[in-house]
Structure formats: structure tokens, C-alpha cells
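A closer look at the structure
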Amino acid sequence: MAYTLEQFGADCRASLSRDPGAGGREAIRARLELLLANRAFVEACLSAQGSGKTVLYHDPDTGVYVMAHGTDEGDRRGRPHDHGASWAVYGQAAGVTEMTVWERTDDRSRPGHAALEEIHGFTLEPGKAVLFDTGIIHSTAHPRPARWVRVTGADLDTIERHAYDPDRRTMKRMTPAA
Ligand SMILES: [Fe+2]
């Protein structure tokens, strides 16, 4: 039997109820790879997803959101950003995501100023999932059309997050909207 979205949602709830820390988040990452192996799920929930995002599952008790994301653009490059107080698991369904992980090297004393250093880069291939724990600054790039799942511990539109410009050494609030 293929591992379904319903099972994944229930496992997200159970994992975070058992361990709301790194252990629960890693369990979700591993389970997301099982879900991505379900071709019927990918066909039904990701293949029809165009550019943009759709909520696939939300659990109000743990705050978890499972979102389908897509881009039909040929070369899409995002800015470095954080997820504020939330962690995130990215799982690739089709195409690839080029991930870059950044480290903040300034002393955080000047508002609006942030110096970043690129510390790690990798390509997320279909079927694979990665956990970015709370506070990790990362950027994504999609060299060709792609579909992916993002699981977070909160609604990212409602929590305080920041985007960074490494060249200008600036940062600004992304969400919530002012
Ligand atoms: Fe992100």
C-alpha cells in the first residue's frame, strides 16, 4: 500500500506530539520521502500545481502546514530568507531545487544591516527531503519548472520573517505584511 497524504498528516501530528523538537522534525522529513514515493499523490497534488502554492493539510493543534508549491518559470532564484520561529522541511516532487545555506556573520547590532556568508550548497533531487531547523537562513533556486512540498510548524505568512540581500548587506522584514 502506498503511503498517503492522510497518513502523512496523522504522522506529522503524532511525531510533533511525541517530540516537538529536532526528533519530531526529522521524523517528518523521513516520512515526507515516503509520501513523495507515492506516484498517485505526486500526480494528484503536485502535477496539477502551477506556479504558486496550495494548502494540502493543516493541523491546528500542532500548527503544522503541508503546502504544495510549484513554478513554471525557467530560471527562478529566491532571496536568502529565514523562517522566523518555524522550522521547515522541503521535499522535492519534480525538477530540482538548488539550495544554499547562509550564515550570518555580523553582530546583529545595527537594524537593517546583515552580513551573510555562503556556507553550503546542494541540489535537492526528486524524492528527497531536507530539514532546515529554526533560524537557518537559506535560499532556493529553480533552474527549470519544479514542484515541491514544504512542511512548516506555523503559517509562514503570519510570523515574523526576514529576507536578506548579501551583496548590499541589508535585511528587511518579509512577513507579516506591514
Ligand atoms: Fe524557505
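Residues numbered from 1 in each chain as written. Predicted model: local features only at pLDDT ≥ 70, side-chain atom pairs only at ≥ 80, totals over all residues. Heavy atoms only, no water.

Here the focus is the overall build of the protein. A tally of helices and strands in the protein yields three helices and eleven strands. Helices and strands appear in the protein in the N-to-C order α-α-α-β-β-β-β-β-β-β-β-β-β-β. Its C-alpha radius of gyration of 16 Å places the protein within 12% of the 16 Å reference for a compact globule of 178 residues. Once the C-alpha set of the protein is aligned to its principal axes, its extents read approximately 55 × 40 × 30 Å. Out of the 178 residues in the protein, the part that is buried amounts to 47%. (Helix = DSSP H or I, 4+ residues; strand = E, 2+ residues; numbered from the N terminus. Rg over C-alpha atoms; globule rule 2.2 N^0.38 Å. Buried < 20%, exposed > 50% of the residue type's maximum accessible area, 1.4 Å probe, protein only.)

Taken together, the protein donors to the iron ion comprise H81 (NE2), H83 (NE2), Y90 (OH) and H138 (NE2), at separations of 1.9 to 2.2 Å. Coordination at the iron ion is tetrahedral, judged from the four donor atoms that bind it and the angles of 93 to 125 degrees they form at the metal. In primary sequence terms, the donor set of the iron ion follows H-x1-H-x6-Y-x47-H. Of this pair, H81 sits in the loop between β3 (76-77) and β4 (88-94) while H138 sits in strand β8 (residues 137-142); the two residues are 57 residues apart in sequence, bridging distant segments of the chain. (Donors = N, O, S within 2.8 Å, 3.2 Å for Na, K, Ca; no water. Tetrahedral: all angles 85-135°; square planar, octahedral: opposite > 155°, others 65-115°.)

The next thing to look at is the packing of aromatic side chains. Between two aromatic rings, the relevant description is the distance of the centres plus the angle of the planes. For the coordinates displayed, the defined rule picks out one aromatic pair. On the numbers, 5.8 Å between centres and 70 degrees between planes, the contact of Y90 with F132 is edge-to-face. With Y90 in strand β4 and F132 in strand β7 (residues 129-132), the pair connects residues that are 42 residues apart, well separated along the chain. The residues Y90 and F132 share a single accessibility class, namely buried. (Phe/Tyr/Trp six-rings, centres within 6.5 Å; stacked < 30°, edge-to-face > 60°.)

What follows covers the packing of helix α1 (residues 5-18) against helix α2 (residues 22-36). For the pair α1 and α2, the least separation of the axes is 9 Å and the interaxial angle reads 170 degrees. Looking at the two axes, α1 sits roughly antiparallel to α2. From α1, L5, F8, D11, C12, S15 and L16 reach across to α2, where they touch G24, A27, I28, R31, L32 and L35. Looking at the contact of α1 with α2 residue by residue, the classes come out as eight nonpolar, two polar and two charged. (Axes fitted to C-alpha atoms, helices over the stretch in contact; angles between N-to-C directions. Parallel < 35°, antiparallel > 145°, perpendicular 65-115°, else oblique. Contact = heavy atoms within 4.5 Å. Nonpolar A, V, L, I, M, F, W, Y, C, P; charged D, E, K, R; others polar.)

Let us now look at the side chain of H162. Relative to the elements of secondary structure, H162 occurs in strand β10 (residues 161-165). Under the relative-accessibility criterion, H162 is labelled buried at 18%. A polar atom in the side chain of H162 sits 3.4 Å from the side chain of E160. Residues within four places of H162 in sequence aside, it is in contact with P80, H81, D82, M171, K172, R173 and M174. (Polar contact = N/O pair within 3.5 Å; in protein donor to acceptor, adjacent residues only side chain to side chain.)

Okay, the nonpolar core next. With 23 residues, the main nonpolar core has F8, L32 and V151 as its most contacted residues. Contributing elements (two or more residues each) for this core: α1, α2, α3 (39-47), β2 (64-71), β4, β7 and β9 (146-152). For F8, the contacting residues outside a window of four places in its chain are Y3, I28, R31, L32, L35, V66 and V151. Of all hydrophobic cores here, the second largest spans nine residues; its members include A88, L124, A146 and W148. (Core = buried A, V, L, I, M, F, W, Y, C linked by side-chain atoms within 4.5 Å.)

Applying the stated criterion across every chain yields a total of nine salt bridges. D59 is the salt-bridge partner of R13, the closest N and O atoms lying 2.6 Å from each other. Here the residue R13 occupies a position in helix α1, and D59 occupies one in strand β1 (residues 52-59), the gap between them amounting to 46 residues. Taken together, the salt bridges that share partners define one network made up of R13, D59 and D61. (Salt bridge = Lys/Arg side-chain N within 4 Å of Asp/Glu carboxyl O.)

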